[in-house]
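Chain residues, written in single-letter form:
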Number of protein chains: 4
Amino acid sequence: MRFFDSDYLEGAHPAILQKLMETNFEQTPGYGCDKYCDSAKEKIKAACKAPQAQIYFISGGTQTNATVVDALLASYQGVIAAQTGHIAAHEAGAVEFCGHKVITLPQQQGKLNATDVQDYLETFYADENWEHMVIPGAVYISHPTEWGTLYTKEELKNLSEICHKYDIPLFLDGARLGYGLTSDDTDVTLPDIAKYCDVFYIGGTKVGALFGEAVVITKENLIPHFFTTIKQHGALLAKGRILGIQFDVLFTDDLYLKISRNAIEKANRLKEIFHKKNYKFYMETPTNQQFIVMSNDKIKELKQKISFGFWEKYDDTHTVVRFATSWATTDEAINELDTIL
Amino acid sequence: MRFFDSDYLEGAHPAILQKLMETNFEQTPGYGCDKYCDSAKEKIKAACKAPQAQIYFISGGTQTNATVVDALLASYQGVIAAQTGHIAAHEAGAVEFCGHKVITLPQQQGKLNATDVQDYLETFYADENWEHMVIPGAVYISHPTEWGTLYTKEELKNLSEICHKYDIPLFLDGARLGYGLTSDDTDVTLPDIAKYCDVFYIGGTKVGALFGEAVVITKENLIPHFFTTIKQHGALLAKGRILGIQFDVLFTDDLYLKISRNAIEKANRLKEIFHKKNYKFYMETPTNQQFIVMSNDKIKELKQKISFGFWEKYDDTHTVVRFATSWATTDEAINELDTIL
Amino acid sequence: MRFFDSDYLEGAHPAILQKLMETNFEQTPGYGCDKYCDSAKEKIKAACKAPQAQIYFISGGTQTNATVVDALLASYQGVIAAQTGHIAAHEAGAVEFCGHKVITLPQQQGKLNATDVQDYLETFYADENWEHMVIPGAVYISHPTEWGTLYTKEELKNLSEICHKYDIPLFLDGARLGYGLTSDDTDVTLPDIAKYCDVFYIGGTKVGALFGEAVVITKENLIPHFFTTIKQHGALLAKGRILGIQFDVLFTDDLYLKISRNAIEKANRLKEIFHKKNYKFYMETPTNQQFIVMSNDKIKELKQKISFGFWEKYDDTHTVVRFATSWATTDEAINELDTIL
Amino acid sequence: MRFFDSDYLEGAHPAILQKLMETNFEQTPGYGCDKYCDSAKEKIKAACKAPQAQIYFISGGTQTNATVVDALLASYQGVIAAQTGHIAAHEAGAVEFCGHKVITLPQQQGKLNATDVQDYLETFYADENWEHMVIPGAVYISHPTEWGTLYTKEELKNLSEICHKYDIPLFLDGARLGYGLTSDDTDVTLPDIAKYCDVFYIGGTKVGALFGEAVVITKENLIPHFFTTIKQHGALLAKGRILGIQFDVLFTDDLYLKISRNAIEKANRLKEIFHKKNYKFYMETPTNQQFIVMSNDKIKELKQKISFGFWEKYDDTHTVVRFATSWATTDEAINELDTIL
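Residues numbered from 1 in each chain as written. Chains lettered and ligands numbered in written order. Predicted model: local features only at pLDDT ≥ 70, side-chain atom pairs only at ≥ 80, totals over all residues. Heavy atoms only, no water.

**Thoughts on empty space enclosed by the protein**
All names here are of chain C.
Part 1 of the reasoning: Across all of its chains, the model carries eight cavities of 30 Å³ or more by this definition.
Part 2 of the reasoning: Approximately 360 Å³ is the volume found for the largest cavity.
Part 3 of the reasoning: Looking at the largest cavity, it is lined by 31 residues, and the ones nearest its centre are Gly60, Gly61, Thr62, His86 and Lys206.
Part 4 of the reasoning: Of all the elements in the fold, those that place two or more residues in the lining of the largest cavity are helix H3 (61-72) and strand S5 (135-142).
Part 5 of the reasoning: Per-element tally for the lining of the largest cavity: the top contributor is H3, with four residues.
Part 6 of the reasoning: Classifying every residue of the lining of the largest cavity gives 10 nonpolar, 13 polar and eight charged. (1 Å grid on protein atoms, 1.4 Å probe; cavity = no way out; pocket = protein on both sides within 12 Å on 5 of 7 lines; lining within 4 Å. Points joined across faces, edges and corners; volume = space filled by probe spheres on them. Helix = DSSP H or I, 4+ residues; strand = E, 2+ residues; numbered from the N terminus. Nonpolar A, V, L, I, M, F, W, Y, C, P; charged D, E, K, R; others polar.)

**Quick look at the pairing of strand S5 (residues 135-142) of chain D**
Residues and elements named next belong to chain D.
Part 1 of the reasoning: Across the eight residues of S5, eight count as buried, placing the element largely inside the fold.
Part 2 of the reasoning: Bridge analysis of strand S3 (residues 77-82) against S5 gives four bridges, and the strand direction is parallel. Paired with Gly78 across the bridge in S5 is Pro136.
Part 3 of the reasoning: Where S5 lies against strand S6 (residues 170-174), four bridges are found, and the strand directions are parallel. Residue pairing for S6: Tyr140 is matched across the bridge by Phe171.
Part 4 of the reasoning: Handedness of the β-α-β unit built from S5, helix H7 (residues 153-165) and S6 comes out right-handed. (Buried < 20%, exposed > 50% of the residue type's maximum accessible area, 1.4 Å probe, protein only. Pairing = 2+ DSSP bridges. Right-handed = clockwise from strand over helix to strand, strands pointing away.)

**Here we look at unusual backbone geometry**
Part 1 of the reasoning: Residue C:Pro144 is bonded to the preceding C:His143 through a cis peptide linkage, with omega at -5 degrees.
Part 2 of the reasoning: Relative to the helices and strands, C:Pro144 is located in the loop between S5 and helix H7 (153-165).
Part 3 of the reasoning: Located in the positive-phi region is B:Lys49, a residue other than glycine, with phi close to 50 degrees.
Part 4 of the reasoning: B:Lys49 gets classed as exposed once you look at its relative accessible area, which sits at 68%.
Part 5 of the reasoning: Although it is not a glycine, B:Gln109 sits at a positive phi angle of roughly 50 degrees.

**Here we look at the UniProt feature "domain: Aromatic amino acid beta-eliminating lyase/threonine aldolase" (unreviewed entry) in chain A**
Part 1 of the reasoning: This chain's UniProt record puts "domain: Aromatic amino acid beta-eliminating lyase/threonine aldolase" (unreviewed entry) on residues 6-295 of chain A.
Part 2 of the reasoning: In this annotation, residues 6-295 of chain A is assigned 41% helix and 17% strand; the end-to-end C-alpha distance for the span is 20 Å. (UniProt positions renumbered as here; feature names shortened; annotations may be inferred.)

**Side note on helix H14 (residues 331-340) of chain C**
Part 1 of the reasoning: Residues of H14(C) that are buried include every one of C:Ala333, C:Ile334, C:Leu337, C:Asp338 and C:Ile340, and no others.
Part 2 of the reasoning: Turning to H14(C), the residues buried within the fold contact strand S1 (2-3), helix H12 (255-276), helix H13 (296-302), strand S11 (306-307) and strand S13 (318-324) of chain C. (Contact = heavy atoms within 4.5 Å.)

**Quick notes on the relation of the copies chain D and chain A**
The two chain copies are related to each other by a rotation about an axis together with a translation along it.
Part 1 of the reasoning: Expressed as a screw transformation, the operator carrying chain D onto chain A has a rotation angle of 180 degrees and an axial translation of 0.0 Å, and the superposed copies differ by an RMSD of 0.0 Å. Taken together, these values place the two copies in the relation of a two-fold axis.
Part 2 of the reasoning: Most of the interface of chain D is mirrored in chain A, where 100% of its interface residues are also at the interface. (Least-squares fit on C-alpha atoms with pLDDT ≥ 70 in both.)

**Points about the domain arrangement of chain A**
Residue and element names in this part refer to chain A.
Part 1 of the reasoning: Taken domain by domain, chain A holds domain 1 (2-7 + 256-340) and domain 2 (14-254).
Part 2 of the reasoning: Tallying the contact residues gives 24 residues for domain 1 and 29 residues for domain 2.
Part 3 of the reasoning: Carbon and sulfur atoms supply 60% of the area that domain 1 and domain 2 bury against each other, a total of about 2,200 Å² over both sides.
Part 4 of the reasoning: At the boundary of domain 1 and domain 2, one finds two salt bridges.
Part 5 of the reasoning: At the boundary of domain 1 with domain 2, the tally comes to 14 residue pairs in polar contact (both at pLDDT 80 or more).
Part 6 of the reasoning: Elements that contribute at least two residues to the side of domain 1 that touches domain 2 include exactly helix H12 (255-276), strand S9 (280-283), strand S10 (289-295), strand S12 (309-315) and strand S13 (318-324).
Part 7 of the reasoning: Looking at the side of domain 1 that touches domain 2 element by element, the count peaks at nine residues for H12.
Part 8 of the reasoning: A breakdown of the residues in the side of domain 1 that touches domain 2 according to their chemical character gives 12 nonpolar, seven polar and five charged. (Domains from an automatic or database assignment. Buried area = accessible area lost by both parts, 1.4 Å probe. Salt bridge = Lys/Arg side-chain N within 4 Å of Asp/Glu carboxyl O. Polar contact = N/O pair within 3.5 Å; in protein donor to acceptor, adjacent residues only side chain to side chain.)

**Let's talk about the interface of chain D and chain A**
Part 1 of the reasoning: At the interface, 48 residues of chain D touch 48 residues of chain A.
Part 2 of the reasoning: Across the chain D/chain A interface, buried area totals approximately 4,200 Å², and carbon plus sulfur atoms make up 63% of it.
Part 3 of the reasoning: When the area that chain D buries against chain A is broken down by residue, the three leading residues are D:Gln27, D:Phe97 and D:Lys239, summing to 19%.
Part 4 of the reasoning: In this assembly, chain D and chain A are joined by zero salt bridges.
Part 5 of the reasoning: Here chain D and chain A share 22 residue pairs in polar contact (both at pLDDT 80 or more) between them.
Part 6 of the reasoning: Of all the elements in the fold, those that place two or more residues in the side of chain D that touches chain A are strand S1 (2-3), helix H1 (14-23), helix H3 (61-72), helix H5 (94-97), helix H10 (226-232) and helix H11 (241-250) of chain D.

**Quick notes on the interface of chain B and chain C**
Part 1 of the reasoning: Taken together, the contact pairs 48 residues of chain B with 48 residues of chain C.
Part 2 of the reasoning: In total, about 4,200 Å² of surface goes out of reach between chain B and chain C, with carbon and sulfur atoms giving 63% of it.
Part 3 of the reasoning: Summed over the shared surface of chain B and chain C, the number is zero salt bridges.
Part 4 of the reasoning: Our enumeration of links across chain B and chain C arrives at 22 residue pairs in polar contact (both at pLDDT 80 or more).
Part 5 of the reasoning: Listed by contribution, the elements that provide at least two residues to the side of chain B that touches chain C are strand S1 (2-3), helix H1 (14-22), helix H3 (61-72), helix H5 (94-97), helix H10 (226-232) and helix H11 (241-250) of chain B.
Part 6 of the reasoning: The element contributing the most residues to the side of chain B that touches chain C is H1(B), with five residues.
Part 7 of the reasoning: Considered class by class, the residues forming the side of chain B that touches chain C number 24 nonpolar, 16 polar and eight charged.

**Observations concerning the packing of helix H6 (residues 114-126) of chain A against helix H7 (residues 153-165) of chain A**
Residues and elements named next belong to chain A.
Part 1 of the reasoning: Where H6 meets H7, the axes come as close as 9 Å, and the angle between the chain directions of the two elements is 15 degrees. Between H6 and H7, the angle is such that the two are roughly parallel. For the crossing formed where H6 meets H7, the hand is left-handed. Across the interface between the two elements, Ala114, Val117, Gln118 and Leu121 from H6 touch Asn158, Leu159, Ile162 and Lys165 from H7. (Axes fitted to C-alpha atoms, helices over the stretch in contact; angles between N-to-C directions. Parallel < 35°, antiparallel > 145°, perpendicular 65-115°, else oblique. Left-handed = near helix turned anticlockwise from the far one by under 90°.)

**A short note on the packing of helix H12 (residues 255-276) of chain B against helix H14 (residues 331-340) of chain B**
The geometry of a pair of packed helices is captured by two quantities: the angle between their axes and the separation between those axes.
All names here are of chain B.
Part 1 of the reasoning: Between H12 and H14, the least distance of the axes is 10 Å, while the angle of their chain directions is 5 degrees. Judged by the inter-axis angle, H12 sits roughly parallel to H14. Residue-level inspection shows Lys266, Arg269, Leu270, Ile273 and Lys276 of H12 in contact with H14, the latter providing Asp331, Ile334, Asn335, Leu337 and Asp338.
Part 2 of the reasoning: Tallied by class, the residues present in the contact of H12 with H14 amount to four nonpolar, one polar and five charged.

**A short note on the relation of the copies chain B and chain C**
Part 1 of the reasoning: If you rotate chain B by 180 degrees and push it 0.0 Å along the axis, it lands on chain C with an RMSD of 0.0 Å.
Part 2 of the reasoning: When the interface residues of chain B are mapped onto chain C, 100% of them are again interface residues, pointing to one common binding face.

**Digging into the packing of aromatic side chains**
In this description, a pair of aromatic rings is defined by centroid distance and the angle of the planes.
Part 1 of the reasoning: Scanning all chains against the criterion turns up 90 aromatic pairs over all chains.
Part 2 of the reasoning: Their ring planes at 75 degrees and their centres at 5.6 Å tell us that A:Tyr31 and D:Tyr8 sit as a pair that is edge-to-face. Of this pair, A:Tyr31 sits in the loop between helix H1 (14-23) and helix H2 (35-47) while D:Tyr8 sits in the loop between S1 and H1, placing the two residues on different chains.
Part 3 of the reasoning: You can call D:Tyr8 buried: its relative accessible area is 9%.
Part 4 of the reasoning: Taking the centre distance of 5.3 Å and the plane angle of 25 degrees together, the rings of A:Phe57 and A:Phe247 count as stacked. With A:Phe57 in strand S2 (residues 54-58) and A:Phe247 in helix H11 (residues 241-250), the pair connects residues that are 190 residues apart, well separated along the chain. (Phe/Tyr/Trp six-rings, centres within 6.5 Å; stacked < 30°, edge-to-face > 60°.)

**Quick look at the sheet that holds strand S5 (residues 135-142) of chain A**
All names here are of chain A.
Part 1 of the reasoning: Ordered by their spatial adjacency, seven strands build an open sheet running S2-S8-S7-S6-S5-S3-S4, and the pairing between neighbours is mixed. Two strands close off the open sheet at either side, each with one partner strand: S2 and strand S4 (102-105). Strand-to-strand, the axes of this sheet are offset by a mean angle of 25 degrees, without reference to chain direction.
Part 2 of the reasoning: Running over the sheet, H2 touches S2, strand S7 (199-203) and strand S8 (213-217) and is turned about 120 degrees from S2.

**Remarks on the side chain of D:Lys239**
Part 1 of the reasoning: As for its placement among the helices and strands, D:Lys239 is situated in the loop between H10 and H11.
Part 2 of the reasoning: As a buried residue without a salt bridge, D:Lys239 has its nearest oppositely charged side chain in A:Glu10, at a separation of 6.7 Å.
Part 3 of the reasoning: Of the polar contacts made by the side chain of D:Lys239, one reaches the backbone oxygen of A:Gly11; its length is 2.7 Å.
Part 4 of the reasoning: A polar side-chain atom of D:Lys239 sits 2.5 Å from the main-chain carbonyl oxygen of A:Ala209.
Part 5 of the reasoning: With sequence-adjacent residues up to four places away left out, D:Lys239 is seen in contact with A:Tyr8, A:Glu10, A:Gly11, A:Thr205, A:Ala209 and A:Leu210. (Lys, Arg positive; Asp, Glu negative; His and termini not counted.)

Laid out in structure tokens, this is it:
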């Protein structure tokens, strides 16, 4: 059975396993205080052109989102996100579990619109009762979004300016960041993200690592005692080196971008195939996720041979499904898809 | 200055102060274990025709909502509410502070539609990823709503049936319950509410008490150790008798309904006046709150002589304002309003 | 039946009820933004000789403790308290419910020893693993303590110095503050408390009010957006004036101290009686609570005629019980006790 | 530099890396719904002789403790633990962050005494004010303890009986379980633990895995919707297979016990050496951690050549330090230690 459900179906890039093998019996201190974490941090700071940044490694995306958002917010604050934002919809209330409301605004193709954020904040403080409501304390966006779409540099800049106007940090969820950075249709670079975001994370789990995300705090002293907060959230890995080694490999010789690019190339072929066969796109995106409207009968038929993801109900007889490529997707897989569709 | 901002502008019904005077030097045990609380509980159970109910007294509405919702939900559950529900909009995230998401659905004139709840629950469990999302564990409605509107008996019945179909409790916020029960346009009685809701509260703060709400749990053993949960939430009043005495008075000789009715009669006159003077209603309601669209200039002018509440921006030159009557509103106040408008 | 169980057995001082009567039909804004709250705040600041202080009124003690402690602490911090501190033992985990650990240190007669706090903080930061532990972010003390004992000015000063050395606030729970200030054996005045504590509260519930505590924040900008935090905790009373009126009365013509003194005088008589009748004191205190060791048989016998509080098991045949006087205790009550014991 | 600081200094057992290599490009579903997790679960159930058990894999120990404890407790409950319990001392308040108090009892060599638990529970419910306190809802123990000590089968049985008498679950933290099961001085087997505990976890991070713990729920329906709770806590690994593969390898041909035994054998040699050289033991244990009292000068000298862990201050000139062996400790390391000490 061939899977196109998501981008975390395989293990890790071989170079990562190779490095884990080579270093396996070295002894290092725990909790991220080892030379591999140090080296990875330096390489990430260089790639971000952000020498002042502080880097932390966390095991997974939901954990990273909840830990960062909780660390950014005061007890009485909430975080602004698009209705379709991962923290709003698919993290089982991890942010609310930390005591914070996710303030949802309408989304445009999965994106948060700077004007909507501006309007929300203006209206909020214009409301005589604002002190009786959750005070917005941060803005969360994902890039690529949950719908595979991308912010332009201009859009990021605008969001950043509004956040700073109201003195609240902008946090970018980069679970699939590589697939955004290597898209054909983007003008956003890693240094741009480091420039416009106060905090963001570089996704490893979906981009070639066994697991792990690299949190980049671009402003100094933005989050005091983040180490303890990570521990408190159960997000501090004892063998931090395992995360350090993976990101050290991913940020050596641009491996992160190179393997990300594979997902884009395979996605481009995949889109051609769907067009060629006249499938109806629900959302055609510049990244590694494509959303197709399919009849439930067709889905049933295809599921005999390939696996892909349910996304949402379209109508009584049709469903929106997701096909995702990844760093590991092969030409064989795409060819097979071509013959099956 | 005459105030029409809300229904908690005055103190308490004189009979309550009188009773507090009479009983002032009696010694009673604390925490609601006194004879006045016992007596009030019996009278409330009788008025609800719910002998099996358990009654608890809590100081305020937000506190009651957060404590009840938290007690009803498992850690991984959230509560469904209308977007305009008080817990969703105007309680500073008190429910999220307890770790639970408020799952908001669209509102119809401030009401939650049974069909929308049904659709949400169906769609939720039809989603292959539902276990990654906040599991709906209760439904919150307010009656009257934040927009002064009322559920019909049929609407309550439908909501109740859907909740029970999915085995989740229905919780009714009755901060202004008296004004709903004595409206000219309602077919809902207190026993109806006790019949269709698993938990609800009878508002005192806005209906003649100095402060205090009476929580009615209509199902036995629905909330184990609620006493301790109330304490944990800081919602247990040491001198519980103060709440017991107030509700004992309010539920003697139908005082609660009698004084509620005053607010309705004054609201009816108020509506006539606004119509007579051709004011534009944003929402004309069968209860004690009326919402008017006014030009900002007119508001500025009127504010010289009377006080009323900002509700929301209507357009750049107009605002929706609220005029509320209460158990304490006098004919003089209405007459004065008539001359001023 | 005569009760000596606690100091919240009666209603309120008659002057308070009188004032509630007089002001009952005045209309005021809600949430503490009324002239009575303003007046009470000014009088409290004057009594504290702390013109820069910010004052907030909250309904009850547990609620005040949890709200203030949560507002003082960062998410990753805990609060230091004596093992017998009310927040550690008898508030149903209200502080932990807010996500914070209560770090308990040994108590000396219910008091927290400055040296113990100093040692704890030194040892904490000397531990190589301190970043893996709860970071101490505030110190909680009660005055009088749960055992009726009092800090000396010197002890308060020492605690204050250690807190400031480590840059953490000192919070004093004054649920029974009046009974400490009017004790025969104290050198601590209200201005002393305002001088040495960063936050404290003046208890009303146990000292003549129907309910309510006055939080005094002596440092400017110590707690941003405390109003919203109070609301989020469900601790914001809609009719704030009810609290304002009570404290305005209590802080007019030293009423608070005058009525507190009554409890001390009655406690002095009560102590004489217990001594005269050769009862064994478990803790004889300079305030309104006295702790006696009694045989369980004697307790059973006395309970026929008077009520008093179980405190803790002493041995298999004896129990420590508490007798408390209050602002409302009469000579008749003490005389009756004399005849009964 | 040779490290004896802890048991998580190296990577993983080579067989695990080998298997990760072999399976690397297989595609599997995420979130633990893959064949490797299924296989590992079956093997663990067999090893536990607990066919009815439910198994979940979580990345780390603190995360596992907080997630399980939170899932076991009602909102108003706390967990009983020894003062030295990991959740009480070294997890940055992760349990309190979930809203629950850790109720600490005195420890005997790191162990919780069944009689102390019994006494605590009896005294708790004998206290007239118990409903004002945190209700004990679970008991936490670690085996081996933080001090390297072990419960006997009899002690486990007694704790289990008391827990069940009060209808609260017994949870065992097995972060170092392998080192307990293979000690020379234990009569406790894995099936014994499955028999006496309601929930426990089998530690991988410290016993041969890159990371990961296996939670074993031995009672059916003890924790509803645990999957969602894990997700909510940010503890659900996207590539669950990585955990499944590791535990599948560890539970094939008793690898888990075999490699655990290595740590014990090396610890035995290490103990001989310390005795031979007349070092003073603070705690000599039957497992892989040994605690030595050393002069601070000696520590300074040794730290030139080897690394070991600070544990706690002993006196002004001495410190308690920890030496730990692990599945990966070699004879060379022990020989080197012998020459250095």
